[in-house]
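Structure assessment
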Amino acid sequence: MYTAHPDRYSDMPYRRTGRSGLKLPAISLGLWHNFGPADRTVETQRAILRRAFDLGVTHFDLANNYGPPPGAAESAFGEALKSDLAAYRDELIISTKAGYLMWPGPYGEWGSRKYLLSSLDQSLTRMGLDYVDVFYSHRPDPETPLEETMGALHSAVQQGKALYVGISNYSAEQTREAARILGELGTPLLIHQPRYSMLDRRPEDEGLLDALDELQVGSIVFSPLEQGMLTGRYLDGIPEDSRAASDSPFLNSDALTADLVAQLRELNDIAESRGQTLAQMALAWVLRGGRVTSALVGASSPQQIEDSVGTIRNLDFDADELARIDAVLKK
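Everything in this summary refers to the structure shown in the same document. Because the structure is predicted, anything quoted here is derived from the model rather than measured. (Residues numbered from 1 in each chain as written. Predicted model: local features only at pLDDT ≥ 70, side-chain atom pairs only at ≥ 80, totals over all residues. Heavy atoms only, no water.)

Turning next to helix H3 (residues 113–127). Compared with the 21 Å implied by 1.5 Å per residue over 15 residues, the 21 Å span of H3 between its first and last C-alpha is a close match. Inspection of H3 places Tyr115, Leu116, Leu117, Ser119, Leu120, Ser123, Leu124 and Met127 among the buried residues, and these make up the whole buried set. Summarising the contacts, the buried residues of H3 are in contact with helix H2 (72–85), strand S5 (93–98), strand S6 (132–137) and helix H4 (146–158). Taken from the residues just after H3, glycine 128 is the one with a positive phi, measuring 70 degrees. (Helix = DSSP H or I, 4+ residues; strand = E, 2+ residues; numbered from the N terminus. Expected span 1.5 Å × (residues − 1). Buried < 20%, exposed > 50% of the residue type's maximum accessible area, 1.4 Å probe, protein only. Contact = heavy atoms within 4.5 Å.)

Looking now at empty space enclosed by the protein. Here the structure, examined in full by the defined rule, presents one cavity of 30 Å³ or more. Counted as a void, the largest cavity has a volume near 30 Å³. Along its surface, the largest cavity is lined by Leu22, Leu24, His59, Ile93, Val134, Tyr136, Leu190 and Ile191. Those elements that place two or more of their residues in the lining of the largest cavity are S6 and strand S8 (189–193). Here the residues of the lining of the largest cavity are counted per class, giving seven nonpolar, one polar and no charged. (1 Å grid on protein atoms, 1.4 Å probe; cavity = no way out; pocket = protein on both sides within 12 Å on 5 of 7 lines; lining within 4 Å. Points joined across faces, edges and corners; volume = space filled by probe spheres on them. Nonpolar A, V, L, I, M, F, W, Y, C, P; charged D, E, K, R; others polar.)

Before going further, it helps to examine the nonpolar core. In this structure, Leu29, Phe60 and Leu267 are the most contacted members of the largest nonpolar core, which totals 91 residues. No other element matches the nine residues that helix H9 (residues 278–287) contributes to this core. Those residues in contact with phenylalanine 60 that sit more than four places away from it in its chain are Leu29, Leu31, Leu49, Ala52, Phe53, Phe77, Leu85, Leu92, Ile93, Ile94 and Ser95. Core analysis: the next-biggest nonpolar cluster, separate from the first, contains 10 residues, Leu24, Ile93, Leu190 and Ile191 among them. (Core = buried A, V, L, I, M, F, W, Y, C linked by side-chain atoms within 4.5 Å.)

This part is about the packing of aromatic side chains. All chains considered together, the criterion is met by seven aromatic pairs. Put simply, the rings of Tyr2, Phe53 and Tyr88 pair up and form one aromatic cluster. For lysine 97, the ring lying beneath its charged end belongs to tyrosine 136, and the centroid distance is 5.5 Å. (Phe/Tyr/Trp six-rings, centres within 6.5 Å; stacked < 30°, edge-to-face > 60°. Lys NZ or Arg CZ within 6 Å of the ring centre and 35° of its normal.)

This is the structure in structure tokens:
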């Protein structure tokens, strides 16, 4: 029987999420690619979750469509929760989302009240939970009034099926409007989940981080390692067993140009001078300055989550390091 490490809270920093009372670990575990697929053993998946929690990672992020197949990650997490982590439920932050295709017909995706609340019920069943800590609208729906989508999130809280609500992939303008609607309903917008990394700075460039600061809404960023590009994986070419060498829709070999590889090598030199791996520096970079509450990482082994959590040993940058990083990225 699993017993959590007694010192699990000794090192991990926990950051307040916007103006709420909720704190999240600086490093959170996302269960996107590595939970549910048949090529990942159940024991490996459980070992990753146990190691993460032992290291102070209290937040586990899911969505209805994570797997593959869709729903598989929630089902796998539910089994692991029942086997290992059920006794620690009140120490965990568990989130899920709805927005992408889950079942056929007009009610199986996007942002209608019908879809969001039906999907949440299915997610709770798969995970064996009475409630999630955070329920997200996974993407804005161009054809459903935002009032309906936000009203569904509010209803999830009113029904006791979620403690907090969030949005993902919304623009700065959409975020402001979502926050206004939720505020009027009495269910504050807790958090936004955007894509953000050293190689994808749109949340900065398009004003999203400014909007979140203004609204006092938290943020948790996905793909901070750019599907593995911001790791040591591709410094010397494309390994045969890597995601870029596969038929992954999220990363292919064409993305790894000679110029990008040269940039990655220069960034790796900066990371080494900081006593970090490239992945650790990339995670520290998105967490710099306190604008981002938490960075979401994936893991295919306990060792990978250990490496990610090792980031917390050096989260600070001096002005020269930031200038060197910017100079590399502008090439």
